[in-house]
Amino acid sequence: MVKFHDLNIARVKDAVAQKHTLRIACRLGYEVVAVTTVLKNGNELTAAPPPIELQLTKEEQQNFQQLSRITVVLSDKTNNSYLGNDKIKSYDILAVQPTTEKSFQVACSELNVDLITFDFSTWLGFHLKHQYVQTALRLGKYFEFTYGPAIRDTTCRRYVFQNTTDFVQRKEGQNTIISSGAEWPTDLRAPYDVANLAILFGMKEGQAKSSLTSTPRALLLKAATRRLTVKSSITIGHVTSIPEKDKWKIEGSKPPSTDAGKRQNTDDHDEPKKKKSKKLKSN
Amino acid sequence: MEGEFERIVLKSPQYHYMMVQLDLFGAKANFDSDLFKNLIMKALKGLHGDVGGSISVDIIRFEKKSLKSILRVPSIGLVKVWSALTLYSSHNDKPCHFKVSKVSPHLPSLSVNSRDFTSELLLEKV
């Protein structure tokens, strides 16, 4: 069955409001949800917080999945070498929000990120060059629209529509996901309502629905390859994490126990010494 | 009666029916169907302007207690009406939320939902 994703629920200091938002997301029909921590210049980078405990029924608990996401706000001056950091790897999704044209270019071409977000509630300040967007799509990156500002503020609505329609016109919504950016439970809307909004942004009906279902699922798989694999080909895991059915693969190559190893070493030492003395005598 | 039947083929529906509930997040307000219709028109004009305001939305049923209603919308205007209701977020400076639970081109299908077996047939007539 198709799962609805909302990959941007803002992390708020008020724990009660946060729990309420997540519970409402579950009841509206979202099955995969990501809680976002925003990292701006000057803020401390912390490892991913644990998933928030919610009081849900058993059925809801089985289907509802909470992930963690970090959005790094980029500007021209930021040094991006820390994006391979262990603390950042502890988050399930890595998103980047460029604020200038240069940071947008860097985000599209060089940085190893999953998702590129924008603050669509005001004029972006730079044009989204077709060339950079094409590079990002070729490298398998995803773009995100948030509809939260359109609900919160009627003045922001105009900018949200302007920016999203502008973007969709170029590539018709390929590799784009839509999420709420919800700070309060009142910012959330049901999945089919959001799919209808996506039609207003300029997407076709099929694409509108897939921007909530199959595209975010593909994004999560890409995020997993970034975190867990080396060059998207090799995964390294601990021996204890191998499932029962695969354990035969490592049993053949068990390391020898410590006592047997020591005895072997002393034997090796004696033999060469004897050989040397024999040679001298014969000469 | 043998062999007598009439086949009606519906290619593109003329109207869509929506089951909508207004959620005021606990705030109390006295609504009647006229006020509800005013609200819908306000939402349409707010998002789509005069073009939105020209779409004729009819309230078929309205329940005062739970603020649930059944609306009839011309199919050409469905996307506009639905998006206007989705984005309407405050009424008299209080937060509100239009919950669209069912949308269908056929009115009888609004009464039963195969996923949720509690039927909502008992709405009062306006």
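Here is what the cut-offs are and how they apply
Residues numbered from 1 in each chain as written. Chains lettered and ligands numbered in written order. Predicted model: local features only at pLDDT ≥ 70, side-chain atom pairs only at ≥ 80, totals over all residues. Heavy atoms only, no water. 1 Å grid on protein atoms, 1.4 Å probe; cavity = no way out; pocket = protein on both sides within 12 Å on 5 of 7 lines; lining within 4 Å. Points joined across faces, edges and corners; volume = space filled by probe spheres on them. Contact = heavy atoms within 4.5 Å. Buried area = accessible area lost by both parts, 1.4 Å probe. Polar contact = N/O pair within 3.5 Å; in protein donor to acceptor, adjacent residues only side chain to side chain. Helix = DSSP H or I, 4+ residues; strand = E, 2+ residues; numbered from the N terminus. Phe/Tyr/Trp six-rings, centres within 6.5 Å; stacked < 30°, edge-to-face > 60°. Buried < 20%, exposed > 50% of the residue type's maximum accessible area, 1.4 Å probe, protein only. Lys NZ or Arg CZ within 6 Å of the ring centre and 35° of its normal. pLDDT = per-residue confidence, 0-100. Nonpolar A, V, L, I, M, F, W, Y, C, P; charged D, E, K, R; others polar.

Residues and elements named next belong to chain A. Counted by the stated rule, this structure contains 1 cavity of 30 Å³ or more. Each pocket or cavity is described by its volume, and for the largest cavity that value is around 70 Å³. Around the largest cavity, the lining residues are Phe 120, Trp 123, Leu 124, Phe 126, His 127, Leu 128, Asn 163, Asp 166 and Arg 170.

Our next topic: the interface of chain B and chain A. Opposite the 16 residues of chain B that make contact, chain A presents 13 residues. For the pair chain B and chain A, the summed buried surface comes to about 1400 Å²; carbon and sulfur atoms form 63% of the total. Among the residues chain B hides against chain A, the three largest losses belong to Trp82(B), Thr86(B) and Leu87(B). Together they make up 40% of the total. Viewed at the interface, chain A and chain B are joined by 5 residue pairs in polar contact (both at pLDDT 80 or more). Elements with a minimum of two residues in the side of chain B that touches chain A: helix 1 (33–53), helix 2 (78–87) and strand 6 (97–104) of chain B. At 5 residues, helix 2 of chain B tops the list of elements feeding residues into the side of chain B that touches chain A.

What describes a pair of aromatic rings is the distance from one ring centre to the other and the angle between the planes of the rings. Residues and elements named next belong to chain A. A full pass over the atoms with the stated rule returns 15 aromatic pairs over all chains. Ring geometry for Phe 120 against Phe 145: centres 5.6 Å apart, planes inclined by 50°, an arrangement best described as tilted. Placement of Phe 120 in the loop between strand 5 (115–117) and helix 5 (130–138) and of Phe 145 in strand 6 (residues 142–146) is noted, with a sequence separation of 25 residues between them. Residue Phe 120 is classed as buried on the basis of its relative accessible area of 1%. A network of ring pairs unites the aromatic residues Phe 104, Phe 118, Phe 120, Phe 126, Tyr 132, Phe 143, Phe 145, Phe 161, Phe 167 and Phe 201 as a single cluster. The side chain of Arg 158 reaches across the aromatic face of Tyr 159, ending 5.6 Å from its centre.

So, on to the side chain of His97(B). Here His97(B) lies in strand 6. Note on His97(B): relative accessible area 5%, which makes it buried. Those residues within four positions of His97(B) in sequence are excluded, and the remaining contacts are Leu188(A), Arg189(A), Gln21(B), Leu22(B), Asp23(B) and Phe25(B).

The subject of this paragraph is the confidence of the model for chain B. A low pLDDT score tells you not to read the predicted coordinates there in detail. Looking at chain B as a whole, its pLDDT mean stands at 86, while 88% of the residues score no less than 70. This complex was scored by the predictor with a pTM of 0.79 and an ipTM of 0.80.

Right, let's get into the layout of surface pockets. One way to see where empty space is left: roll a probe the size of a water molecule over the atoms. All names here are of chain A. What the second largest pocket holds in volume is close to 480 Å³. If you go around the second largest pocket, you meet 19 residues; those closest to its centre are Asn 8, Val 38, Gln 97, Asp 119 and Glu 183. Looking at the lining of the second largest pocket, the elements that each hand over two or more residues are strand 1 (5–10), strand 2 (32–39), strand 3 (65–74), strand 6 and helix 6 (148–152). Among the elements that make up the lining of the second largest pocket, the one with the highest residue count is strand 3 (3 residues). Looking at side-chain class alone, the lining of the second largest pocket contains 5 nonpolar, 8 polar and 6 charged residues.

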